[in-house]
Every structure is written in C-alpha cells, then in structure tokens.
Amino acid sequence: MKNIIKFSSAMILLLLMLAACGKDNYDAPESTLTGRLVYNGTSIQVRGTGEAVQLQLYQRGWAKSDPISVFVAQDGSFTAKLFDGTYYLVTRDNNGPWVNTRDTMQIELKGTASVDVNVTPYFTISGENISLSGNTLNASFTINQIVSTAKVEKAYLVLSKTQFADEVNNIFRKDIAEGVTAGAVSFSADISGNSDVSGAKYLYGRVGIKTEGTEQAVWSTIVQLK
C-alpha cells in the first residue's frame, strides 16, 4: 500500500512539473525591429546607460494595452525582438531632449523592419573636439539652436574609461551652468589628482547640453582620447 501511495505521489508530482513546463513552453519572438532617432537624417546622440531614453510600442485590440518599452542606445539606435504584427511606436512622454509631440508611427512587422523616428531636438551639437594636454581637458564644439524659445540649463563635460559616457556613467564630470548659449563654445577642466583618469587604460570624452525643463540632455559623439 505504501508503495502504491509513493508511486501515485510521484506521478502527480511529475504531471504537475510537465504542466508547469508546458505553460512556459512558448515560442520566443523572432522578428526584429530596428531604427534610429533622427533629425534631418542625422542620428540624435543621447544618454545610453540606465535605460534612460525609451520609446514605446503598442498593439491595439488586446485586453492588456501596456506599452512595450524599447530602450535607445547612446548613438540613437534601437532594436526590439517582437512577434509579427501591427505596432504603433511613440516616444515616451517628456523623456527625450526634443519637442514632446509624440507622433504615432504605424509599423507592419513581418520578419524585419527598420524605421527612422523623426524628432525635433531643442539643440544639437556639432564640430566636437575634445583633447588632453597634460592635466588639462579641453573641449570645443558648436551648440546649434533648433527651437528658438529653448534655453540651455547646463553643459556637461565628461570622461569615461568605457565607450559609454554620460552624466551618470563617468570617471570625471564637470557641469558648466553659467554663460552657456548657442554658438561656438570652449571649456577646459583640471583633471590632476583624479586617479581614475590617470590610471585608465582607455579614455573617452563627450559633451552634453541639457535644456531647461527637460529630463534628458542631448550629447555629442564619443571621442577616444587614449
């Protein structure tokens, strides 16, 4: 009798395990959506760490309408693995360094799709030149005003030992809040005494501009210094 009970218990446990496995045995999405955030055909550089800048995908006709978050890399590119279907893509509300229009883009995904998401940044950065001279970090670049009413809150000058550099991920950061306006600008910073910088095998520099009233800064491309 005890053997029968043990056998029955083992069978029940096995059936429960198989049922649990069956619930999780769904096919993974295999279609790929790729794209870029662009202004006039040029990618918008953003903060790429901490999943800070996001897009949102929706599908209509489903009981659950929560958005699918799509995280944007620092070069403005994004990738998402999805099932085939019709999706609606928008920027996350008040998230990026651009005018918050949130235009909806319809995407028909079948296998692969690639899209450019057009945004209007408050400012862009061009002509960045970042260099090291002894213990002095120098940066010059141009702030291009795109939205006439926008005002610069501050500029960032950062160094990182990896190719990911922003106001959070860095080993050196200088904020410049006074006298930063559109046009040609140049900054310098004393990095003497910073052991993280002096001991870094690789160094990458980047500058950013934060607009008043926005959550995120627009950034320059990465410059390798070492």
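Residues numbered from 1 in each chain as written. Predicted model: local features only at pLDDT ≥ 70, side-chain atom pairs only at ≥ 80, totals over all residues. Heavy atoms only, no water.

Undergrad: What's the story with the packing of aromatic side chains in this structure? I'm lost.
TA: Centre distance and the angle of the planes are the two values used to describe a pair of aromatic rings. Taken as a whole and assessed by the stated rule, the structure comprises two aromatic pairs. Both rings, one in Y156 and one in W219, keep their centres 5.5 Å apart while their planes meet at 10 degrees; by these two values the pair is stacked. Of this pair, Y156 sits in strand β11 (residues 152–160) while W219 sits in strand β15 (residues 217–219), placing them 63 residues apart in sequence. Of the two residues examined, Y156 and W219, each falls in the buried class. Sitting above the plane of the Y88 ring, R60 keeps its charged end 3.7 Å from the centroid. (Phe/Tyr/Trp six-rings, centres within 6.5 Å; stacked < 30°, edge-to-face > 60°. Helix = DSSP H or I, 4+ residues; strand = E, 2+ residues; numbered from the N terminus. Buried < 20%, exposed > 50% of the residue type's maximum accessible area, 1.4 Å probe, protein only. Lys NZ or Arg CZ within 6 Å of the ring centre and 35° of its normal.)

Undergrad: I'm lost on the environment of I68 in this one. Help?
TA: Note that I68 resides in strand β4 (residues 68–71). Here the alpha-carbon distance between I68 and Y58, two residues ten residues apart in the chain, equals 6.4 Å. Once you skip the residues sitting within four places of it in the chain, I68 turns out to touch L55, Q56, L57, L82 and Y87. (Contact = heavy atoms within 4.5 Å.)

Undergrad: Just to check I follow, could you spell out the pattern of salt bridges for this structure?
TA: In a structure, side chains of opposite charge can pair up when their charged atoms sit close to one another. By the definition in use, this model includes four salt bridges. Note that K154 is salt-bridged to D175, the shortest N-O span being 3.7 Å. Within this pair, whereas K154 is found in strand β11, its partner D175 is found in strand β12 (residues 172–176), the two being separated by 21 residues in sequence. R173 is the salt-bridge partner of D175, the closest N and O atoms lying 2.8 Å from each other. (Salt bridge = Lys/Arg side-chain N within 4 Å of Asp/Glu carboxyl O.)

Undergrad: Would you take a moment to explain the pairing of strand β14 (residues 204–211) for this structure?
TA: Along any regular strand, the residues point their side chains to alternate faces of the sheet. The buried fraction of β14 is high, at eight of eight residues. Judged by which residues are buried, β14 turns out to be covered on both faces: Y204, R206, G208 and K210 on one side and G205, V207, I209 and T211 on the other are all buried. Of the pairings in the sheet, the one linking β11 to β14 comprises eight bridges and is antiparallel in character. Paired with Y156 across the bridge in β14 is G208. Note that β14 and strand β16 (residues 223–224) share two bridges and pair antiparallel. The residue bridging Y204 from the neighbouring strand is Q224, located in β16. For β14 and β15, the ladder comprises three bridges, and the chain directions are antiparallel. Across the sheet, residue K210 finds its bridge partner in β15, namely A217. Here β14 folds back onto β15 in antiparallel fashion, the turn holding five residues, of which G213 has a positive phi close to 85 degrees. (Pairing = 2+ DSSP bridges.)

Undergrad: When you look at the sheet that holds strand β9 (residues 123–133) in this model, what are you seeing that I'm missing?
TA: Within a sheet, each strand pairs with its neighbour through backbone hydrogen bonds, oriented either parallel or antiparallel. If you trace the three strands from one edge of the open sheet to the other, you get β9-β10-β13, paired in antiparallel fashion. Two strands bound the open sheet, and with one partner strand each, they are β9 and β13 (183–190). For this sheet, the mean angle separating the axes of adjacent strands, direction not counted, is 15 degrees. The pairing of β9 with strand β10 (residues 136–145) spans nine bridges and is antiparallel. For S133, the partnering residue across the bridge sits in β10 and is T136. (Axes fitted to C-alpha atoms, helices over the stretch in contact; angles between N-to-C directions.)

Undergrad: Hey, could you run me through the sheet that holds strand β7 (residues 105–109) in this one?
TA: Spatially, the four strands line up as an open sheet ordered β4-β3-β6-β7, and their pairing is antiparallel. Every interior strand has two partners, whereas the edge strands, β4 and β7, have only one. Averaged over neighbouring strand pairs, the angle between their axes works out to 35 degrees when direction is ignored. Bridge count for strand β3 (residues 54–58) against β4 is four bridges, and the pairing is antiparallel. By the bridge assignment, Q56 is partnered in β4 with S69.

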